Amino acid sequence: MVVGRESRSKYSTHIIAVEEVEVPTCMTENSADDEQESMTTKPLLNDDHDCFSAKGGFRTMPFILANEAFAQVASCGLQPSMILYLTGEYHLNMATGSNIIFLWSAATNFMPLLGAIVADSFLGRFRMILFGCVISLLGMALLWLTAMIPQVKPPPCHESNKSCSSATSFQLFLLCSCFGLTSIGLGGIRSSSLAFGADQLQKAGGHNNGRVLESYFSWFLNKACIILDPEKDLTTDGTAADPWSLCTVNQVEDLKSILRVIPLWSAGMIMSVNNSQLSFSVLQAKSMNRKFGPNFEMPAGSCSMFAVVGAVLWIPFYLQIILPVASRILGRPVHLSTRERMGIGMALSFVGMIVAATVELKRRSLAIREGYSDDSDAVVDMSLLWLLPPSFLIGAGAIANMVAQNEFYYSEFPRSMSSISSTLSLLGISAANLVSSFLMNAIDKLSKLGGKESWISTNVNKGHYDYYYWVLAGLSMLNMIYFLICNKAYGPGKEDKKETTFHEQDD
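Given the structure is predicted, the values throughout are model-derived calculations rather than measurements.

Take the overall build of the protein chain next. Helix and strand counts for the protein chain stand at 16 helices and three strands. As displayed, the protein chain has an accessible area near 26900 Å², and 65% of this comes from carbon and sulfur atoms.

Turning to the pattern of salt bridges, a few remarks are in order. Here the structure, examined in full by the defined rule, presents seven salt bridges. E89 is the partner of K153 in a salt bridge, and the nearest nitrogen-oxygen pair spans 3.4 Å. Linking K153 in the loop between α5 (125–148) and α6 (169–201) with E89 in the loop between α3 (79–88) and α4 (94–123), this pair joins segments that are 64 residues apart in sequence. Judged by relative accessible area, which is 34%, E89 ranks as partly exposed. A salt bridge links D377 to K286; the shortest N-O distance between them is 3.4 Å. Here D377 is found in the loop between α11 (338–369) and α12 (388–412), whereas its partner K286 is found in helix α9 (residues 278–286), with 91 residues between them in sequence. Of the residues examined, D377 reaches a relative accessible area of 53% and is grouped as exposed. Taking the relative accessible area as the measure of exposure, K286 reaches 33% and is therefore partly exposed.

Time to look at the packing of aromatic side chains. Aromatic ring pairs: the centre-centre distance and the angle between the two ring planes describe each pair. In this structure the tally under the stated criterion is 10 aromatic pairs. Relative to Y465, the ring of F280 lies with its centre 5.2 Å away and its plane at 85°, an arrangement referred to as edge-to-face. Pair noted here: F280 is in helix α9 and Y465 is in helix α15 (residues 465–490), with a separation of 185 residues, a long-range link. A relative accessible area of 0% places Y465 in the buried class. On the basis of an interplanar angle of 35° and a centroid distance of 4.8 Å, the ring pair of F280 and Y468 is categorised as tilted.

A few words now on a nonpolar patch on the surface. Taken together, the side chains of M305, V308, V309, V312 and L313 define a hydrophobic patch exposed on the protein surface, amounting to about 410 Å² of accessible area. A relative accessible area of 32% places V309 in the partly exposed class.

A separate point is the nonpolar core. The biggest cluster of nonpolar side chains holds 70 residues, and the ones touching the most others in it are M82, F280, Y465, Y468 and Y469. Both domains that meet at this core, namely domain 1 (56–154 + 166–206) and domain 2 (254–506), each give it at least three residues. Those residues in contact with F280 that lie beyond four places of it in its chain are M94, M440, I456, Y465, Y468 and Y469. Judged by nonpolar contacts, the second largest core, of nine residues, contains W314, L323, L336 and A396.

Assignment of secondary structure puts D466 in helix α15. Although D466 lies buried, it forms no salt bridge, and the closest oppositely charged side chain, R364, sits 5.2 Å away as judged by the N-O distance. In contact with D466, other than residues within four places in its own chain, are A357, E360 and L361.

So, about the environment of V359. Along the polypeptide, V359 turns up in helix α11. By relative accessible area, V359 is classed as buried at 7%. Measuring from C-alpha to C-alpha, the distance between V359 and P389 comes to 9.3 Å, with 30 residues separating the pair along the chain. If sequence neighbours within four positions are ignored, V359 has contacts with M382, W386, L387 and P390.

Running from N to C, helix α14 (residues 424–447) and α15 cross one another at 130°; their axes reach a closest spacing of 12 Å. As the angle between them shows, α14 and α15 are arranged oblique. The hand of the α14/α15 crossing is right-handed. Two secondary-structure elements touch here, α14 through S436, L439, M440 and I443 and α15 through Y468, V471, L472 and L475. Residue composition of the contact of α14 with α15, grouped by class: seven nonpolar, one polar and no charged.

Glancing now at the packing of helix α10 (residues 305–330) against α12. The angle between the axes and the distance between the axes are what describe a pair of packed helices. Across the interface, α10 lies against α12 with an axial gap of 7 Å and an inter-helix angle of 50°. Our classification of the angle between α10 and α12 gives oblique. Note that α10 runs across α12; the crossing there is right-handed. In contact with F306, A307, V309, G310, A311, L313, W314 and I315 of α10, α12 contributes L388, S391, F392, G395, A396, I399 and A400.

Once that is clear, we can look at the side chain of T146. Tracing the sequence through the fold places T146 in helix α5. Looking at T146, its side chain comes within polar contact range of the side chain of Y85, at 3.2 Å. When residues no more than four places from it in sequence are discounted, the contact partners of T146 are Y85, Y90, V152, K153, L174 and C178.

Look at α5: 35 Å from first C-alpha to last across 24 residues, which is about the 34 Å you get at 1.5 Å a residue. Residues of α5 that are buried include every one of R125, M128, I129, G132, I135, S136, G139, L143 and T146, and no others.

Rules of the game
Numbering of residues starts from 1 in every chain and runs along the sequence as written. Only residues with pLDDT of at least 70 are given local features in this predicted model, and only at 80 or more are side-chain atom pairs given and counted; all residues enter the totals for whole chains, interfaces and linings. Values reported for side chains reflect all heavy atoms of the structure, with hydrogen atoms and water molecules removed beforehand. Secondary structure elements follow DSSP: runs of H or I of four or more residues count as helices, runs of E of two or more count as strands, with numbering from the N terminus. Surface accessibility follows the Shrake-Rupley procedure with a 1.4 Å probe radius. Residue values consider only the protein chains on display as shielding. A pairing counts as a salt bridge when a side-chain nitrogen of Lys or Arg comes within 4 Å of a carboxyl oxygen of Asp or Glu. Only protein chains enter the accessibility calculation, which uses a 1.4 Å probe; a residue whose area is less than 20% of its type maximum is buried, one above 50% is exposed, and one in between is partly exposed. Aromatic rings from Phe, Tyr and Trp, with only the six-membered ring used for Trp, were paired whenever their centres fell within 6.5 Å, and each pair was classed as stacked if the ring planes differed by under 30 degrees, edge-to-face if by over 60, and tilted otherwise. Here a patch means residues that are over 30% exposed by relative accessible area and free of salt bridges, tied together within 9 Å if like-charged and within 5 Å if nonpolar (Val, Leu, Ile, Met, Phe, Trp, Tyr). Here the nonpolar core consists of buried residues drawn from Ala, Val, Leu, Ile, Met, Phe, Trp, Tyr and Cys, with membership extended through side-chain atoms lying within 4.5 Å. Bear in mind that the domain bounds are from an automatic or database domain assignment. Contact between two residues is taken to exist if any of their heavy atoms lie within 4.5 Å; hydrogens are not considered. Just so you know, the count uses Lys and Arg for positive and Asp and Glu for negative, and it drops His and the chain ends. Interaxial angle, 0 to 180 degrees, is taken between N-to-C directions of lines fitted to C-alpha atoms, where a helix line uses only the stretch in contact. For classification purposes, angles smaller than 35 degrees are called roughly parallel, those larger than 145 roughly antiparallel, those between 65 and 115 roughly perpendicular, and all remaining angles oblique. Helix crossings get a hand from a simple test, with the near helix turned counterclockwise from the far one by less than a right angle marking a left-handed crossing and a clockwise turn marking a right-handed one. Under the grouping applied here, Gly and all other residues not named as nonpolar or charged are polar, the nonpolar ones being Ala, Val, Leu, Ile, Met, Phe, Trp, Tyr, Cys and Pro and the charged ones Asp, Glu, Lys and Arg. Polar contacts, as used here, are pairs of N or O atoms within 3.5 Å; protein pairs need one atom able to donate a hydrogen and one able to accept it. Residues neighboring in sequence count only if both atoms are side-chain atoms. Multiplying 1.5 Å by the helix residue count minus one yields the expected span of that helix.

Next up, the structure:
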C-alpha cells in the first residue's frame, strides 16, 4: 500500500490518496513460501484473521446450514407457542404476554448487529458463531428448567373459582434471563453465518488483494477526510493525530453507505410489523378446528408452519414460474432487481393482512353465532386451514423482502462491512417488534376507552382482532407508498450500474 501526500502550502487543502497495489496487506516476507503450501494442509474453514487460509467451498455448506437451521428452530419454532406458555403457565394477559414476546424478538434481532461489529473488529466470524452456540444452548437449557421445576413458575389456577396467582418478581426475572441469553446466543450465530458462508464460496485467495478504495471526493461527509493543516492533523508517520476529527476515506464512505440506505431500510422495517403478529394467529388457531382425521389434532402453535411453508414455496415459485412466464411474455430474459423484489414482498404482505382481517371476521362471527362469545377455550366449527392463505401470503412476502434486502445491502456496502450488511434486515425486524409493541399498547388503551372490551382482549371471541388487522393493512398501504418515494429518491445503485455495464458489453 502506497500513501501519497500532495503539498502546496502550509494552509492549503491536503488529501490522502490510497493507491491499490498487487501485494496483499497481510503479506509478510515469508508469505511467498507460505503460498506454495499444499492445499491439503490448509484448514477446512476460513476465518477473517487468516489471510491465506483456503476457502472451504461447498464442502462447508452442510455444517453452516445445519447450524443456522437448528438456531432458527430454537427461536422461530419456539416464539409462536410462547404466548400460550405465558398466558397459561405464568397467567399473563394477552397484552403483557405479547409485549414480552415483542421485546424478546426485538432483542434477538438486534443482537446480530452488535455481534457483527465484534466479529468484524475483534473475534472473527467463526469464533462469534461458536460463542453464540454456547450461550444459546445455556439459555435454552434454563428455559427448559422453567417448565420442569414447579417452584420457578406460578402454581396452577384453581379449578373451582378460576383464580390464578401472579408470577413473582424472581420468577419473571428468571424467565426474562432465559430470553436474554437466547437472544445473545442467537445474535452471535445470525451475525456471522451469512457472511461466513459467503466467504467460503469465494475463490481461494481472491480477497487477499488490496482493497480498491474509491477516493472520489464530493462535499453530504467527505470533508471529514480532508487535511487542512498537515502539521496539526498528521503525526510523523502520516496517520491522523485526532481520529475523531480526521477520518479515513473508507470510514466516510462506509458511513455514507449506511445513511443512504436508511430510508429504504425503514420501509422494510415497517413491513416486518405484519410478520411479528404470530401470537394473535396462535390464539385464533386455538379456537378453530385443528383435527385432521380421527386421531390427529395439530397443536395451535404449529400454525406458524403455514408462514414457513409460504416462505419455502415462494423461492421456487418465483424462480420456476414467475420469471419464465414473464420472460416468455416479454420475449426476453427477465430479471427483477433487489428493490423490485422488496416491493413485491411488501405487496404480498399487504394482501396477506387484508385476507387475515377477512378470515378473522368470519371466525369471530361464527363463534358469536354458536354462543361462544364468553368462552375463549371453545372450538368453533371452522377449519384451521382458513389461516393458510393469509399466513402463506405474509410468509412469502417476508422471505421475498428479506432475501432482496440482504442482497441489496451486500451489493451496496463495501466488503469491510459484510457482516453488518447481513444484519441490517434483522435490525429492521428488531425495530419492527418495538413498533409492534408500541402500536399494540396504543390500540389496547384506545379501544378500552369508555369501558369497552379491548380489540386485543385475551378472549379472542370478545376482542376485535379483525379491526387490529385492518389497522395493520392500512399501515402497509401507506408504507408501500413511502417505499416507492424512497426508491425513486435513491436513484441507481451499484447493482443497476453492473446490469447496465453487462447489457452494454452484451450488445
